[in-house]
Amino acid sequence: MQRAALLDAARSLLSEGGTEALTFPALAERTGLARSSVYEYFRSRAAVVEELCEVDFPVWAAEVEAAMAAADGPEAKVEAYVRRQLSLVGDRRHRAVVAISASELDAGAREKIRAAHGALVAMIVDVLGEMGHAEPRLTAMMLQGVVDSAVRRIELGVEEPGVVAEAAVRMALRGVLG
């Protein structure tokens with residue numbers, strides 16, 4: 001329960017104040033634990049973020065997968081893949097993980113994040129194969145690039161998220177339909 005409370009506090013700190021806000025004293029204050037107790041659970045800020053990714057990413061992936069499963073036909077599945085990922089941008093869990101720079105993570109943590117993203121991309125590969133793409137893995141990677149770009153635009157807050165999502169869906173469908 002303490003570990004879950006620490007992770008929840010970390011999500012809040014990261015989403016409210018970015019990397020600088022995620023400190024062990026702040027985690028201790030938010031959870032009511034002694035600062036030394038925080039070190040019993042995590043060795044560093046990077047370890048906190050790594051665990052957030054391990055806990056939260058499968059939830060995001062399941063949400064994307066469920067949206068795709070509910071969609072009827074390959075084009076609708078591509079649209080669901082894009083829309084569901086973009087709808088998660090406002091989620092506190094997503095903002096928390098994005099808030100910390102990958103350069104602050106050790107190689108093992110970065111690899112886990114890359115693997116998690118790879119699993120997300122793998123969800124769409126078969127759909128693209130069904131659509132007749134000769135290189136469905138490459139197309140999936142490029143489609144994820146559109147999603148990643150849209151995520152950054154939403155995070156910047158310059159355009160409305162709905163406008164960004166519509167543009168991303170149009171680009172994705174035109175791109176994957178050839």
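Residues numbered from 1 in each chain as written. Predicted model: local features only at pLDDT ≥ 70, side-chain atom pairs only at ≥ 80, totals over all residues. Heavy atoms only, no water.

Focus on helix α5 (residues 74–87)
Basically, it comes down to this: Put simply, DSSP marks the helices as runs of H or I at least four residues long and the strands as runs of E at least two long, and each gets a number from the N terminus on. By definition here, a helix of n residues has an expected span of 1.5 Å times n minus one. Only protein chains enter the accessibility calculation, which uses a 1.4 Å probe; a residue is then buried when its area is under 20% of its type maximum, exposed when over 50%, and partly exposed in between.
Over its 14 residues, α5 runs 20 Å from end to end, which matches the ideal 20 Å to within 8%, given 1.5 Å per residue. Residues of α5 that are buried: Lys77, Val78, Ala80, Tyr81, Val82, Gln85 and Leu86.

Observations regarding the packing of helix α1 (residues 2–17) against helix α4 (residues 45–70)
Convention followed: In this analysis, axes come from line fits to C-alpha atoms, helices being fitted only over the stretch in contact, and the angle between any two N-to-C directions falls in the range 0 to 180 degrees. Throughout, the term roughly parallel applies to angles under 35 degrees, roughly antiparallel to angles over 145, roughly perpendicular to angles from 65 to 115, and oblique to all others. Contacts are assigned to residue pairs with any non-hydrogen atoms lying within 4.5 Å of each other. Side-chain classes are defined by residue name, with Ala, Val, Leu, Ile, Met, Phe, Trp, Tyr, Cys and Pro counting as nonpolar, Asp, Glu, Lys and Arg as charged, and the others, Gly among them, as polar.
With their axes 10 Å apart at the nearest point, α1 and α4 run at an angle of 100 degrees to one another. Between α1 and α4, the angle is such that the two are roughly perpendicular. Here Arg3, Leu7, Ala10, Arg11 and Leu14 of α1 lie close against α4, whose contacting residues are Val48, Val49, Glu51, Leu52, Val55 and Asp56. Per-class residue counts for the contact of α1 with α4 are 7 nonpolar, no polar and 4 charged.

Re the packing of α4 against α5
Put simply, the test is: Left-handed describes a crossing in which the near helix is turned anticlockwise from the far one by less than a right angle; the clockwise case is right-handed.
Where α4 contacts α5, the axes come no closer than 8 Å and their chain directions differ by 150 degrees. Taken together, the axes of α4 and α5 lie roughly antiparallel to each other. The chirality of how α4 crosses α5 is right-handed. Facing Glu63, Val64, Ala67, Met68 and Ala69 of α4, the residues of α5 in contact are Lys77, Ala80, Tyr81, Arg84 and Gln85.

Quick notes on the side chain of Glu51
Inspection of the secondary structure assignment puts Glu51 in helix α4. The exposure class of Glu51 is buried, given its relative accessible area of 16%.

Re the pattern of salt bridges
Our working rule: When a carboxyl oxygen of Asp or Glu is within 4 Å of a side-chain nitrogen of Lys or Arg, the pair counts as a salt bridge.
One pass over the full model with this rule turns up 8 salt bridges. Ionic pairing is found between Glu51 and Arg3, a salt bridge with its closest N-O pair at 2.7 Å. Here Glu51, found in helix α4, pairs with Arg3, found in helix α1; they are 48 residues apart in sequence, far enough to count as distant. One network of salt bridges, with partners in common, ties together Asp8, Arg11 and Asp56.

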